[in-house]
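Examining the three-dimensional arrangement
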Amino acid sequence: MTVGVAVRGLPERAPSVRRGRFYLWLRRRSTIAVMMCFPLLAIITCLVAYPFAYSIYLSMLNKAETAFVGFGNFLFLFKRETFWLVVQQSILFALVAVIFKALIGLIAAHAVNTIPSKGQRKWRGMMMVPWVIPPALSTLGWWWLFEPTYSAFNWLLAEFAVPAVPWLSDVFWARFSVILVNVWVGAPFFLIMYLASLKSIPEDLYEAASIDGASAWQKLFHVTLPMMRNIIAITVLFSIIVTFANFDIVRVLTQGGPRNSTHLFATYAFRVGIESGDIPLGAAVSLFMFPALAILSFVILRNVRQRTVNI
Amino acid sequence: MTNVTRNNGALSALLGSKSNIHVNRRWALFASYACLIVFVIFFLCPPFYMLVTSLKTNAEIANLATNPWLIEQGVTTEHYSHLLTETAFLTYFKNTVIVAFFVVAITMVVSVLAAYALSRLGFWGSGVMATGVFLVYLVPDSLLFIPLFNIVGGLGLLNSYWVLVLVYPTLTVPFCTWIMIGYFASIPKELDEAALIDGANHMQMLLKVFIPVALPGLIAATIFAFTVSWASFLYPLAYIYSDNQMVLTVGTVTTLIKGDVFHWGGLMAGALLAAAPPVILYAFLMDYYIAGLTSGATKG
C-alpha cells in the first residue's frame, strides 16, 4: 500500500523537482543578469555588429550585388579624384572645426566662470541654443543667411562697403561656410564640458597660486589647463569623431558642391550609395571612415579608463 | 612716530595692491562680458534671423532695398497658418511624435535593465560589456546607414516610419546605458543590502530603490533619447520618401523647399516650429540636460 503510494507519488513529484531546479537556475544572479542584458545585446548584435560585418561583405560586391569583386570597389575609389577630395576635405573639416570649437568653448567657459554666479545660468542658457536645435533645421537658417541674392550677411557687408561674398558658390568660401556652421553647432558642447570641469577645480589651488604670486596667465597654464587636461582630451577626441562623420550640415548647406569640394565621407557615401544606387561602392566609402574612428575610439577609451582608475 | 608712518606706508602699500586686485578683477569682468556678448550674438543670430523672416510678408522678403534683419512692413502670421493648414506639416509632426515616443520607451526599458545588471550583478564578461557599450556609442550613424538600408529593405520596412523605431535605439541605447551605469554605480551598496534584507527581489529593488534614487539620471537619459530621435536626419532621409511617412527634419528640408522661389518665410516658420519641442523641453529642464551631457565623460 505504502509502496504503491510512493510509486504513484514519484511521477508526480519528479516534474516539481525539475521545475524547482529550473526556478533555481532562473533565480541565479548571472542568469538574471544575462536576461536583463539580453535586449541590449540583441540590439548591438543585430543592428550594429551584424550590419558592420555585412558592410564589409557588401563592399566587395559589384553594383548589382550579384558578383564578388574583391577589393575592386576600393581600387576604383583610389583612382577617383573626387574620392581624394573627400579624404582631404574630411580631414580639413574635422581638424579646423574642432580647433575652433575647442577655442571658443574654452574662452566662453572661462568668461562664464568669471562673471558673478547669479548671471551664469542666463548666459550659459543663451549660448546652449545652437546645440538644442536639430542641426538639419538650423542649417536651413544658415542656408538662408548665405543665399546668393538675399544674403543678410552680404547686406551687412554692403553697409560697410565690403563687396558681396560668394558664400556657397566659391570653393574656399563654401568650405569656410560649412566649417562655420559646424563650429556654431558644436561649440556649446565644449562650453558645457569645460564649464563643468572648471567648476570642479578646487579653489585652494588658485589660492596657493596667488600666494606664490602667480599671474592670471600662469594660473591658466599651470593650474587650470593641467587640471582640465583629461576632459579636454576626451572632448576633443569625441568631437573629432562626430565632426569627421558629420552629415546633416554639408547635406543641407551645399550638398557637396561646388564641384564636390565640400563632400565628407558621409555625404559622398550617401550620394554614391543611396542617390546613384551603387550600394556596394557607398558601403566602401563609409568603411574608409572606420580606421580613423577605431583609432580615436581606442584613445578615448584609454582616457576614460584612466579617469576611472584615478577616481 | 616713525613706527606709525612705517605702518601707514605698509597699509597704503597693502591698500594699493588691494585696489590693484580690484582693477584686475574689474578688467577680467569687462573682458568676460565683452566675450559673452560677442558669442551670444554669434550663437543667436541665425535663430533670430529665422524668426524675423518667418514673420515677414513675402513682399518684404523679396524686397532687396529693406533691412533684412528687421520687420519694417508689418508682422504677419500667414506663413504659420499656411504651414499648418495647407502642407503636410502636421502629418510630419504626428509621425515624429510617434517615433520619439516609442524610441524613448524602448531605450529607457533596455538601458535601465542593462545598466542595473552591469553595475550591480557583476557576472562573467560584465566589465568587457560595459566597455563595449561605450564603444558602440562612438559608432556614428553615417558608418552603418548603407548596410542597414539593405537590411531594412529585406525586412520590408523601407519607406515606413517604423523603420526609425527599429534603428534609432542603436543611437540612443548605448549612451543611455553608459550614463545609467554611472548613476547606478554611485548609489551606496548599503541601500541594496537593506532592501535585500527586507526580502526584495531584483525587480523590486530596481523599481523601488534604484529608479527613484537615480531619477535625475533617468530624466537626463530620457531627454537625450528624445532629442536624438527628434533631430536625426540621415536615417529618415535615406529610408523614407513618401510624404505621409516623413518626419519633421526631413519633411521640412525636402518637401517645403519645393514650390515658388520666395517660399523662405514658410520654410523658416517650418524649421522653427519643428525645432520648438526640444528647445522648449530644454528651457524647462536645462539642468538635467546639461547633467546628461557632462556625465557621459565624467562618470563611469
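Residues numbered from 1 in each chain as written. Chains lettered and ligands numbered in written order. Predicted model: local features only at pLDDT ≥ 70, side-chain atom pairs only at ≥ 80, totals over all residues. Heavy atoms only, no water.

Each partner contributes to the interface: chain A provides 96 residues, whereas chain B provides 93 residues. Summed over both sides, the interface of chain A with chain B buries roughly 8,600 Å², with 83% coming from carbon and sulfur. If you sort the residues of chain A by the area they bury against chain B, Met36, Trp144 and Tyr150 of chain A come out on top, with a joint share of 9%. Counting across the chain A and chain B interface gives 2 salt bridges. At the boundary of chain A with chain B, the tally comes to 11 residue pairs in polar contact (both at pLDDT 80 or more). (Contact = heavy atoms within 4.5 Å. Buried area = accessible area lost by both parts, 1.4 Å probe. Salt bridge = Lys/Arg side-chain N within 4 Å of Asp/Glu carboxyl O. Polar contact = N/O pair within 3.5 Å; in protein donor to acceptor, adjacent residues only side chain to side chain.)

Let us look at the environment of Val48 of chain A. Along the chain, Val48 of chain A falls in helix H2 (residues 29-58). Excluding its chain neighbours within four sequence positions, the residues that come into contact with Val48 of chain A are Ile43 of chain A together with Val136, Leu144 and Thr170 of chain B. (Helix = DSSP H or I, 4+ residues; strand = E, 2+ residues; numbered from the N terminus.)

Let us now look at a nonpolar patch on the surface. A grouping of Phe71, Leu75, Phe78 and Trp84 of chain A is seen on the molecular surface, where their side chains present a nonpolar patch of about 440 Å² in accessible area. Summarising the element assignment, Phe71 of chain A is placed in the loop between H2 and helix H3 (72-78). (Patch = residues over 30% accessible without salt bridge, like charges linked within 9 Å, V, L, I, M, F, W, Y side chains within 5 Å. Areas by Shrake-Rupley, 256 points an atom, 1.4 Å probe, with all protein chains shown as cover.)

Our next topic: helix H3 (residues 78-86) of chain B. Residues and elements named next belong to chain B. When we look at burial in H3, the residues that qualify are His79, Tyr80 and Leu83. The buried residues of H3 all sit within an arc of 100° when viewed along its axis, so they share a single face. Facing away from the buried side of H3 by more than 90 degrees, the exposed set consists of Thr85 and Glu86. (Buried < 20%, exposed > 50% of the residue type's maximum accessible area, 1.4 Å probe, protein only. Arc of directions from axis to C-beta.)

Before going further, it helps to examine the packing of aromatic side chains. Residue and element names in this part refer to chain B. With the rule as written, the count across this model stands at 54 aromatic pairs over all chains. With a centroid separation of 6.2 Å and an interplanar angle of 55°, the aromatic rings of Phe134 and Tyr137 are classed as tilted. Taken together, the positions of Phe134 and Tyr137, both in helix H5 (residues 126-137) and 3 residues apart, correspond to about one turn of that helix. Look at Tyr137 and you get buried, because its relative accessible area is 18%. Seen from their ring centres, Tyr235 and Tyr239 are 5.6 Å apart, and the 15° between their planes marks the pair as stacked. Remark: Tyr239 and Tyr235 occur in helix H12 (residues 234-239); sequence separation between them is 4 residues, near one turn of the helix. (Phe/Tyr/Trp six-rings, centres within 6.5 Å; stacked < 30°, edge-to-face > 60°.)

This part is about the environment of Ala292 of chain A. Relative to the assigned elements, Ala292 of chain A resides in helix H15 (residues 289-310). When the C-alpha positions of Ala292 of chain A and Phe244 of chain A are compared, they lie 9.0 Å apart, and in sequence the two are 48 residues distant.

Let us look at empty space enclosed by the protein. For the coordinates displayed, the defined rule picks out 2 cavities of 30 Å³ or more. A volume near 1,200 Å³ is recorded for the largest cavity. Lining the largest cavity are 48 residues, and of these Trp131, Phe238 and Val242 of chain A together with Phe224 and Val228 of chain B sit closest to its centre. It is helix H11 (residues 216-244) of chain A that provides the largest number of residues to the lining of the largest cavity, a total of 7 residues. Its residues placed into classes, the lining of the largest cavity shows 35 nonpolar, 10 polar and 3 charged. Together, Leu47 and Val48 of chain A together with Val136, Val139, Pro140, Asp141, Leu144, Thr170, Leu171 and Tyr235 of chain B line the second largest cavity. Looking at the lining of the second largest cavity, the elements that each hand over two or more residues are H2 of chain A together with helix H6 (141-154) and helix H8 (169-185) of chain B. Its residues placed into classes, the lining of the second largest cavity shows 8 nonpolar, 1 polar and 1 charged. (1 Å grid on protein atoms, 1.4 Å probe; cavity = no way out; pocket = protein on both sides within 12 Å on 5 of 7 lines; lining within 4 Å. Points joined across faces, edges and corners; volume = space filled by probe spheres on them. Nonpolar A, V, L, I, M, F, W, Y, C, P; charged D, E, K, R; others polar.)

Residue and element names in this part refer to chain A. Across its 29 residues, helix H9 (residues 171-199) extends 42 Å between first and last C-alpha, which sits within 8% of the 42 Å expected from 1.5 Å per residue. The largest bend in H9 amounts to roughly 35° and is located at Gly186, with the proline Pro188 lying one to four residues further along. Burial analysis of H9 places 22 of its 29 residues in the buried class, which makes it a mostly covered element. Capping the start of H9 is the job of one residue whose side-chain oxygen sits 3.1 Å from the backbone nitrogen of Phe172: Asp170. (Expected span 1.5 Å × (residues − 1). Bend = angle between axes of the 7 residues up to and from the residue.)

To continue, consider the nonpolar core. Counting residues in hydrophobic clusters, the biggest one holds 200 residues, and the most contacted among them are Phe145, Phe184 and Tyr239 of chain B. Beyond its immediate sequence surroundings of up to four residues, Phe184 of chain B is in contact with Val112, Ala115, Tyr116, Ser119, Arg120, Leu206, Phe210 and Ala214 of chain B. (Core = buried A, V, L, I, M, F, W, Y, C linked by side-chain atoms within 4.5 Å.)

As far as function goes, none of this settles anything; it's purely spatial.
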